[in-house]
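Listed below, chain by chain, are the residues.
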Amino acid sequence: MNRARILLGVTGGIAAYKAAALTSTLVQRGATVDVIMTEEAERFVGPLTFSSLTARPVYSSLWDAPERIPHIRLVREAHVVAVVPATANTIAKMANGIADDLLTTALLAARVPIVLAPAMNDAMYDHPATRANLATLRQRGCEIVDPERGFLAERETGMGRLAAEERIIDALERALARRRSLEGKRVAITAGPTREAFDPVRFVSNGSTGATGIELAREAALRGADVTLLLGPTLLEPPPGVCVVRVTTACELNDAALQHAVGADLVIATAAVADWRPEQRSESKVKKTDAGVTVRMVRNPDVLAELAKKKGTSFLVGFAAETDDHEANAREKLRRKHLDAIAVNDVRGERGFGTGRNALTLLWGENDRRELGTAEKSALAARLLDAIEALMRER
Ligand code: CTP
């Protein structure tokens, strides 16, 4: 916690008094804590409590602060943002991008890890709307410190009591460690499909959306890396804070990779590169006739194999999209392409291309393997980077 800068949002629940104890512990452990209170929180605890504990001003309104845009400065200076306690209302606003007070505006502008510790009545916590909102936030990478079962403000026992202070501090420590783990490292990621046109309106491609690579880029940037995302055609938005190079064809991706990925500390190839392209591309639209058409296809460059030839000290991670014999096929690719590790991507059924969820196993060495489980692609990105970073440290 020493020298950590924490932005603490306090929202209006009875557990707001526990945020004061948490603030005291964080300050004693060497953190600098800035506090934003919602109007409702101020009904439970006075701002003077927090300003006395932190020896810093407490913020609550977008309009009364001594400066014009405090929300941007506060999130830029923070290493992590915590919302303790997080009410159902604030969680719902966050999940829907609503920014109608200083805290929710700051949260919308935050590009640092966010830790949420919900606390509320058990029926509110159980409500499908709250469940869905928490799932959305988790998928976006927020760390949720689940509440505990215990005595609630309604004088009954239920699920919804604020998590114990040590659990919240553990989550903050994890978020702080993540934030810096790739600082100073260059990371290049290939993502999305490629398109190989045979006339101005028709092309050969595949169903990749680029989601896995986009989530990895987002996570690597959160961890402080200098990230370049080489991205094929997709409607998905690339993450903020990442250098994006747009490509369409495999040949363009190959050129971009040789320009931007060679010499990177870590290269992750998630792109579903078309293995062939039409030999000829007609300049005008091919008119249909009753007869069939034959398009002769020629091999595209293998971008990852090209990068492997110029690997140097880069740590090279490939992906293998498999439907059968996952591990054997992936191990063969690991060896053939001289990779440091390969993530096996199960693309059967509901998983893989175009879906939010996926199942991944990381393979390296002769027989080493780590199951990363089945989860949202954002959660898997964090698990995969944890595993890759551990291997990079061992090397
Ligand atoms: N790859 C690449 N350039 C290609 C083809 C693949 O960079 N032209 C990369 C992918 O991004 C992925 C890995 O290589 O990291 C996949 O290896 P590959 O042997 O092509 O596997 P599949 O695409 O699954 O193809 P297949 O099973 O048909 O061999």
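Residues numbered from 1 in each chain as written. Predicted model: local features only at pLDDT ≥ 70, side-chain atom pairs only at ≥ 80, totals over all residues. Heavy atoms only, no water.

J.: Could you give an account of the overall build of the chain, with specific residues and numbers?
T.: The secondary structure content of the chain amounts to 14 helices and 20 strands. Based on the C-alpha atoms only, the size of the chain along its principal axes is roughly 75 × 50 × 45 Å. Put simply, the chain has 395 residues, and 50% of those count as buried. Look at the contacts in the chain between residues 6 or more apart in sequence, and 65% of them connect residues 24 or more apart. Mean positive and mean negative side-chain charge positions of the chain (53 and 51 charges, respectively) differ by 3 Å. (Helix = DSSP H or I, 4+ residues; strand = E, 2+ residues; numbered from the N terminus. Buried < 20%, exposed > 50% of the residue type's maximum accessible area, 1.4 Å probe, protein only. Contact = heavy atoms within 4.5 Å. Lys, Arg positive; Asp, Glu negative; His and termini not counted. Charge placed at Lys NZ, Arg CZ, Asp CG, Glu CD.)

J.: Kindly report on the layout of surface pockets, identifying the contributing residues and their values.
T.: Taken as a whole, the largest pocket holds about 880 Å³ of empty space. Along the wall of the largest pocket there are 29 residues; nearest its centre are A110, R111, V112, I114 and L222. Here the lining of the largest pocket is composed, by residue class, of 16 nonpolar, 5 polar and 8 charged. Here the lining of the largest pocket gathers at least three residues from each of two domains, domain 1 (5-179) and domain 2 (186-394). In this structure, the second largest pocket encloses a volume near 740 Å³. Along the walls of the second largest pocket sit 34 residues, with T270, A271, A272, V273 and F319 positioned nearest its centre. (1 Å grid on protein atoms, 1.4 Å probe; cavity = no way out; pocket = protein on both sides within 12 Å on 5 of 7 lines; lining within 4 Å. Points joined across faces, edges and corners; volume = space filled by probe spheres on them. Nonpolar A, V, L, I, M, F, W, Y, C, P; charged D, E, K, R; others polar. Domains from an automatic or database assignment.)

J.: Run through the domain arrangement of the chain, naming residues and quoting values.
T.: When its domains are assigned, the chain resolves into domain 1 (5-179) and domain 2 (186-394). Computed from C-alpha coordinates alone, the two centres of domain 1 and domain 2 are separated by 37 Å. Taken together, the contact between domain 1 and domain 2 spans 8 residues of the former and 7 residues of the latter. The contact between domain 1 and domain 2 buries some 690 Å² in all, and 48% of this surface belongs to carbon and sulfur atoms. It is R111, Q139 and R178 in domain 1 that bury the most area against domain 2; as a group they hold 72% of the surface buried on that side. (Buried area = accessible area lost by both parts, 1.4 Å probe.)

J.: Account for unusual backbone geometry, with residues named and values stated.
T.: Here the bond from V84 into P85 is cis, since omega is -10°, no more than 30 degrees from zero. Non-glycine residue A55 carries a positive phi angle of around 55°. Within the fold, A55 resides in the loop between α3 (47-54) and β3 (58-59). Taking the relative accessible area as the measure of exposure, A55 reaches 70% and is therefore exposed. Even without a glycine there, the phi angle at D325 is positive, about 45°. By the element assignment, D325 lies in the loop between β17 (315-322) and α13 (326-336).

J.: How would you sum up the environment of D170? Please name residues and give values.
T.: With respect to the helices and strands, the residue D170 is situated in helix α9 (residues 165-180). Classification of D170 by relative accessible area gives partly exposed; the value is 37%. Sequence separation between D170 and V145 is 25 residues, and the spatial gap between their C-alpha atoms is 9.5 Å.

J.: Outline empty space enclosed by the protein, supporting the account with residue identities and numerical values.
T.: Applying the stated rule across the entire model yields 1 cavity of 30 Å³ or more. Its boundaries defined by the atoms lining it, the largest cavity holds a volume of some 60 Å³. Around the largest cavity, the lining residues are T212, L216, F319, N358, L360, K377, L380, A381 and L384. Going through the elements one at a time, α10 (211-222), β19 (357-364) and α14 (377-394) are the ones with two or more residues in the lining of the largest cavity. Sorting elements by how many residues they give to the lining of the largest cavity places α14 first, with 4 residues. Classifying every residue of the lining of the largest cavity by side-chain character gives 6 nonpolar, 2 polar and 1 charged.

J.: How would you sum up the packing of helix α4 (residues 70-77) against helix α6 (residues 102-109)? Please name residues and give values.
T.: Interhelical geometry of α4 versus α6 gives an angle of 50° and a closest axis separation of 9 Å. Comparing the axis directions of α4 and α6 gives the class oblique. Two packed elements cross with a definite hand, and for α4 against α6 that hand is right-handed. Contacts from P70, H71, I72 and V75 in α4 reach L102, T105, A106 and A109 in α6. Tallied by class, the residues present in the contact of α4 with α6 amount to 6 nonpolar, 2 polar and no charged. (Axes fitted to C-alpha atoms, helices over the stretch in contact; angles between N-to-C directions. Parallel < 35°, antiparallel > 145°, perpendicular 65-115°, else oblique. Left-handed = near helix turned anticlockwise from the far one by under 90°.)

J.: Please give an account of the packing of α10 against α14 that cites residues and values.
T.: Two elements in contact, α10 and α14, have axes whose closest approach is 8 Å; the angle formed by their N-to-C orientations is 60°. The angle between α10 and α14 places the two elements in the oblique class. Like other packed secondary-structure pairs, α10 and α14 cross with a definite hand, here right-handed. Counted together, A211, T212, E215, L216, E219 and A220 of α10 and K377, S378, A381, A382, L384 and L385 of α14 form the full contact between these two elements. Split into classes, the residues belonging to the contact of α10 with α14 amount to 7 nonpolar, 2 polar and 3 charged.

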